Amino acid sequence: MDKKIVDAVVEALYSGWITTGPRTKRFEKMLTAQGGQQTTLCVNSATAGLELVLHWYGVGPGDEVIVPAYTYNATANVVVHCGAKVVFADAGADFNISVEAIERAITSRTKVIIPVDIGGYPCNYDEINELVGQQEVRTLFQADTPAQKQLGRILVLSDAAHSLGAWYKGKRVGSLTDITVYSFHAVKNLTTAEGGAICFNLPAPFDNQKIYERLNIKSLHGQTKDALAKSQVGNWRYDIVEAGYKCNMTDIQAAMGIVELERYDTDMLPRRKAIFHRYSNALKNYKWVQLPPFETPEKTSSYHVFALRIKGITEEQRDQIIAGIFTREVAVNVHFVPLPMMTYYKDAGYRMPDYPVSYDNYSREITLPVYYDLTDEMVDTVVQAVVEAMEEEMRQPGRNP
Ligand SMILES: *Cc1c(COP(=O)(O)O)cnc(C)c1O
């Protein structure tokens with residue numbers, strides 16, 4: 001947050017229009033230009049965006065949605081809100097949902113797959129898109145709603161809460177699957193305090209602009225005109241065409257988003273990349289370090305989460321190392337506690353041993369801080385704290401270094 005953002009917000013506040021209006025529409029167009037999708041609808045969170053899409057596709061009781069066991073709970077909670085069944089799939093060594101695990105989880109009830117680009121590193125989208133297009137998978141698919149009949153297969157709804165601006169085979173996140181959802185929550189790469197966006201990229205014969213309009217109405221109580229349109233001369237009458245939701249973005253939020261997106265590729269992303277490289281260079285020669293994937297010939301991360309893993313440790317040892325890091329006045333985190341370990345999902349009958357790779361990733365993971373204002377000196381302090389805490393752990397009796 002800097003003066004430029006503060007000024008943009010103040011300008012929006014004094015502009016005479018504070019809820020969804022010209023700034024939101026401009027932000028949507030900028031997002032479309034960046035991601036390369038057909039069109040983009042801003043909403044008030046990624047959670048609302050994901051849920052809106054599930055409702056649009058007609059996901060409900062009796063349906064199944066495949067989500068990674070290793071993600072933030074929003075990805076799964078929206079499925080519960082629709083009355084459908086969450087089917088967890090295990091992760092791969094790159095933290096992302098495993099395509100083999102998706103394949104095993106598909107049934108005749110599967111309506112949607114929600115892959116998540118964990119830490120900003122894109123999933124294997126060619127494989128996922130190819131899988132849902134396979135003839136036998138299509139034959140298994142049971143279409144119940146007009147949208148399902150038109151697509152004729154499982155919808156790929158990408159949760160790109162971490163991966164705004166990431167690349168996959170020369171294309172940008174936003175245009176890699178049928179629909180992609182971004183988050184602009186305060187901890188994400190680009191923030192509007194709270195916010196999200198839905199990127200539409202459905203194949204022909206879908207008219208993405210029409211679906212944008214439909215979901216825009218769905219995000220505003222099913223009201224055929226928004227407040228801005230109603231304020232125009234002679235335009236007061238409107239209709240309610242469905243019992244919609246209320247999850248539109250405000251122009252105050254969009255004002256922040258516009259400033260950040262303007263400098264995202266030239267300033268914010270390069271700084272995050274530099275931090276990732278500094279961590280990698282400082283840590284790569286320790287034999288206990290497993291670096292996260294973030295740059296390969298086919299993929300470039302959005303550098304959202306630096307998910308360090310320590311080789312050959314238990315969950316208890318990882319917790320000890322984190323305690324040691326905090327003692328050195330460095331705050332770290334864990335991304336993520338897998339959902340089957342959470343009380344709600346455990347009580348619903350999911351068992352962690354069914355997702356061994358997710359557990360292995362989680363049990364050895366320590367997230368190092370990455371944010372725009374983190375200086376090189378602070379990065380070095382973090383590295384020193386990690387190394388000292390690790391060396392302290394290795395000196396524990398019974399520990400085999
Ligand atoms: C943050 C996050 C979300 C939710 O985003 P909101 O905008 O807070 O609703 C969803 N999925 C993942 C993986 C996230 O990290």
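Residues numbered from 1 in each chain as written. Predicted model: local features only at pLDDT ≥ 70, side-chain atom pairs only at ≥ 80, totals over all residues. Heavy atoms only, no water.

Q: Describe the overall build of the protein chain, listing the residues and the values that go with them.
A: Assigned secondary structure in the protein chain consists of 16 helices and 13 strands. Expected size for 401 residues packed as a compact globule is a radius of gyration near 21 Å; at 22 Å, the protein chain falls within 12% of this value. Overall size of the protein chain, expressed as C-alpha extent along the three principal axes, is 80 × 55 × 40 Å. Across the 401 residues of the protein chain, 57% fall into the buried class. Here the contacts in the protein chain between residues at least 6 apart in sequence split such that 70% fall between residues at least 24 apart. Approximately 17,300 Å² of the protein chain is accessible, and the part contributed by carbon and sulfur atoms is 53%. Computed over 41 positive and 48 negative side-chain charges, the separation of the two mean positions in the protein chain equals 3 Å. (Helix = DSSP H or I, 4+ residues; strand = E, 2+ residues; numbered from the N terminus. Rg over C-alpha atoms; globule rule 2.2 N^0.38 Å. Buried < 20%, exposed > 50% of the residue type's maximum accessible area, 1.4 Å probe, protein only. Contact = heavy atoms within 4.5 Å. Areas by Shrake-Rupley, 256 points an atom, 1.4 Å probe, with all protein chains shown as cover. Lys, Arg positive; Asp, Glu negative; His and termini not counted. Charge placed at Lys NZ, Arg CZ, Asp CG, Glu CD.)

Q: Explain the site of the ligand to me, using residue names and the numbers behind them.
A: Within the structure, the ligand sits among 15 residues, and Thr-47, Asp-159, His-162, Ser-183 and Lys-188 are positioned closest to it. Here Ala-46 contributes a backbone N or O atom positioned 2.9 Å from an oxygen atom of the ligand. In the model, a nitrogen atom of the ligand is placed 2.7 Å from a nitrogen or oxygen of the Asp-159 side chain. Burial of the ligand by the protein amounts to 93% of the accessible area it has alone, namely 380 Å². At the level of elements, helix H3 (46-57) and helix H4 (74-81) are the ones that each hand at least two residues to the shell around the ligand. For the shell around the ligand, the per-class residue count stands at five nonpolar, eight polar and two charged. (Near = heavy atom within 4 Å. Polar contact = N/O pair within 3.5 Å; in protein donor to acceptor, adjacent residues only side chain to side chain. Nonpolar A, V, L, I, M, F, W, Y, C, P; charged D, E, K, R; others polar.)

Q: Pulling in residues and values, what's your account of the pattern of salt bridges?
A: Counting across every chain of the model gives 23 salt bridges. When the shortest N-O distance is used, the salt bridge between Lys-111 and Asp-144 registers 3.3 Å. Pair noted here: Lys-111 is in strand S4 (residues 110-113) and Asp-144 is in the loop between helix H7 (135-140) and helix H8 (146-151), with a separation of 33 residues, a long-range link. A single salt-bridge network, built from bridges that share partners, covers Arg-271, Arg-278, Asp-376 and Asp-380. (Salt bridge = Lys/Arg side-chain N within 4 Å of Asp/Glu carboxyl O.)

Q: How would you sum up the environment of Lys-188? Please name residues and give values.
A: Inspection of the secondary structure assignment puts Lys-188 in the loop between strand S8 (179-183) and strand S9 (196-200). Take Lys-188: its relative accessible area is 15%, and that puts it in the buried class. Setting aside chain neighbours within four positions, we find Lys-188 in contact with Ala-161, His-162, Ser-183 and His-304.

Q: Residues and numbers for the environment of Lys-273, please.
A: With respect to the helices and strands, Lys-273 occurs in helix H12 (residues 264-283). Placed 32 residues apart in sequence, Lys-273 and Val-305 show a C-alpha to C-alpha distance of 11 Å. Discounting chain neighbours no more than four positions away, the residues touching Lys-273 are Glu-295 and Tyr-303.

Q: Any details on the packing of aromatic side chains? Residues and values, ideally.
A: Across all of its chains, the model carries 21 aromatic pairs by this definition. Residues Tyr-182 and Phe-184 carry aromatic rings whose centres are separated by 6.3 Å and whose planes lie at 45° to one another, so their mutual orientation is tilted. Phe-184 matches Tyr-182 in its accessibility class, with the two residues each being buried. Ring geometry for Tyr-359 and Tyr-362: centres 5.9 Å apart, planes at 55°, overall tilted. Of this pair, Tyr-359 and Tyr-362 both sit in helix H15 (residues 356-363), three residues apart, which is roughly one turn of the helix. Overall, the relative accessible area of 29% leaves Tyr-359 in the partly exposed class. Among the aromatic residues, ring-to-ring pairing joins Phe-88, Tyr-344, Tyr-345, Tyr-350 and Tyr-355 into one connected group. A cation over an aromatic ring shows up here: Lys-111 above the ring of Phe-141, its NZ or CZ 5.8 Å from the ring centre. (Phe/Tyr/Trp six-rings, centres within 6.5 Å; stacked < 30°, edge-to-face > 60°. Lys NZ or Arg CZ within 6 Å of the ring centre and 35° of its normal.)

Q: If you had to explain the sheet that holds strand S12 (residues 306-310) to someone new, which residues and values would you point to?
A: The strand order across the open sheet formed by three strands is S10-S12-S13, and the pairing between neighbours is antiparallel. Only two strands of the sheet have a single partner each, and these edge strands are strand S10 (289-290) and strand S13 (365-368). With two bridges connecting them, S10 and S12 associate as antiparallel partners. Its bridge partner lying in S12, Val-289 is registered against Ile-310. (Pairing = 2+ DSSP bridges.)

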